[in-house]
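So the chains spell out like this:
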Amino acid sequence: VQLQASGGGTVQAGDSLRLSCTASGGTVNDYGAGWFRQAPGKEREFVATISGSGTSGGPYYADSVKGRFTISRDVAKNMVYLQMNSLKPEDTAVYFCALRRSYYYGTKSDHYDFWGQGTLVTVSS
């Protein structure tokens, strides 16, 4: 499975962005999906995750983004999204989408088998 993340950019605090992750070679409905981010000088951290179709559990979010970010999946387009509202400067990071060989959600990066290349989000104050 290959993943392509897009939608990053430079915005001001309070703005919104929607990140997209296009999958090829696999159906997003058959995998647990997640978004992670890595800020400069920091380790990669969990952002959001959603289970495969028909599987209970999730979506789940990091406390830092709960209520502001929403993960979703479009089966027809074979894409996973991350809607980000009320962005803050501390949300600045490279964002990665990922899929795991399981229907279940995952909150740790080592749960995942396939990764996109990352898309940069910069939030200015």
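Residue numbers here run from 1 along each chain, matching the order of that chain's written sequence. Local features are withheld for residues below a pLDDT of 70 in this predicted model, meaning they are given only at 70 or higher, and side-chain atom pairs are given and counted only at 80 or more; totals for whole chains, interfaces and linings count all residues. For side-chain calculations, the full set of non-hydrogen atoms in the structure is used, while hydrogens and water are omitted.

Visitor: Explanation requested: the overall build of the chain in the structure shown.
Guide: In DSSP terms, a helix is any run of H or I states spanning at least four residues, a strand is any run of E spanning at least two, and both are numbered starting from the N terminus. Along the chain, the regular secondary structure elements total zero helices and eleven strands. Traced from its N-terminal end to its C-terminal end, the chain shows the element sequence β-β-β-β-β-β-β-β-β-β-β. Within these notes, the globule rule equals 2.2 Å times the number of residues to the 0.38 power, and the radius of gyration is based on C-alpha atoms. Computed over the C-alpha atoms, the radius of gyration of the chain is 13 Å, within 12% of the 14 Å expected from 2.2 N^0.38 for a compact globule of 125 residues. Considering only C-alpha atoms, the chain reaches an extent of 40 × 25 × 25 Å along its principal axes. Relative accessibility decides the category of a residue: with a 1.4 Å probe and only protein chains considered, values under 20% of the type maximum give buried, values over 50% give exposed, and everything between is partly exposed. Per-residue burial for the chain yields a buried fraction of 46% across its 125 residues. Residue contacts are defined here by distance: any two heavy atoms, one from each residue, within 4.5 Å place the two residues in contact. When contacts within the chain are restricted to residue pairs at least 6 apart in sequence, long-range pairs at least 24 apart make up 60% of them. Calculation of accessible area relied on Shrake-Rupley with a 1.4 Å probe; when residues are assessed, cover is drawn exclusively from the protein chains displayed. Only carbon and sulfur atoms are counted for the fraction: they give 45% of the accessible area of the chain, which is about 6200 Å². Charge convention: Lys and Arg are scored as positive, Asp and Glu as negative, and His as well as the terminal groups of each chain are ignored. Charge coordinates come from a single atom per side chain, which is NZ of Lys, CZ of Arg, CG of Asp or CD of Glu. Positive and negative side-chain charges in the chain, numbering 12 and 10 respectively, have mean positions lying 2 Å apart.

Visitor: Explain the packing of aromatic side chains to me, please; I cannot follow it from the model alone.
Guide: Aromatic rings in a pair are described by how distant their centres are and how their planes are angled relative to each other. Planes of paired rings set the category: under 30 degrees apart is stacked, over 60 is edge-to-face and the rest tilted, where pairs are Phe, Tyr or Trp rings (Trp by its six-membered ring) whose centres lie within 6.5 Å. In total, this model carries seven aromatic pairs according to the counting rule given. Residues Tyr-60 and Tyr-105 carry aromatic rings whose centres are separated by 4.5 Å and whose planes lie at 50° to one another, so their mutual orientation is tilted. Taken together, the residues Tyr-60 in strand 6 (residues 60-61) and Tyr-105 in the loop between strand 9 (93-100) and strand 10 (114-115) connect sequence positions 45 residues apart. Between Phe-96 and Trp-115 the ring centres are 6.5 Å apart and the planes differ by 75°, which places this aromatic pair in the edge-to-face class. Of this pair, Phe-96 sits in strand 9 while Trp-115 sits in strand 10, placing them 19 residues apart in sequence. An aromatic cluster is defined as three or more aromatic residues linked by ring pairs; in this entry it consists of Phe-36, Phe-46, Phe-96, Tyr-112 and Trp-115. Think of it as a cone above the ring: NZ of Lys or CZ of Arg counts as a charge over the ring if it is within 6 Å of the ring centre and within 35 degrees of the ring normal. Over the ring of Tyr-81 we find Arg-18, and its NZ or CZ is 4.1 Å from the ring centre.

Visitor: I would appreciate a short explanation of the environment of Ser-64 in the present structure.
Guide: Here Ser-64 lies in the loop between strand 6 and strand 7 (69-74). Judged by relative accessible area, Ser-64 falls into the partly exposed class, the value being 40%.

Visitor: I keep staring at the pattern of salt bridges and nothing clicks. Help me out?
Guide: Side chains carrying opposite charge are able to pair once their charged atoms draw close together. Salt-bridge detection follows one rule: a side-chain nitrogen of Lys or Arg within 4 Å of a carboxyl oxygen of Asp or Glu. Applying the stated criterion to the full structure yields five salt bridges. Glu-45 is the partner of Arg-37 in a salt bridge, and the nearest nitrogen-oxygen pair spans 2.6 Å. When its relative accessible area of 5% is taken as the criterion, Arg-37 is described as buried. Classification of Glu-45 as partly exposed rests on a relative accessible area of 37%. Of the charged contacts in the structure, one is a salt bridge between Arg-37 and Asp-91, with a shortest N-O distance of 2.9 Å. You can see Arg-37 sitting in strand 4 (residues 32-38) and its partner Asp-91 sitting in the loop between strand 8 (79-84) and strand 9, a full 54 residues away along the chain. When its relative accessible area of 1% is taken as the criterion, Asp-91 is described as buried. When salt bridges with common partners are traced through the structure, they connect Arg-37, Glu-45, Arg-68 and Asp-91 into a single cluster.

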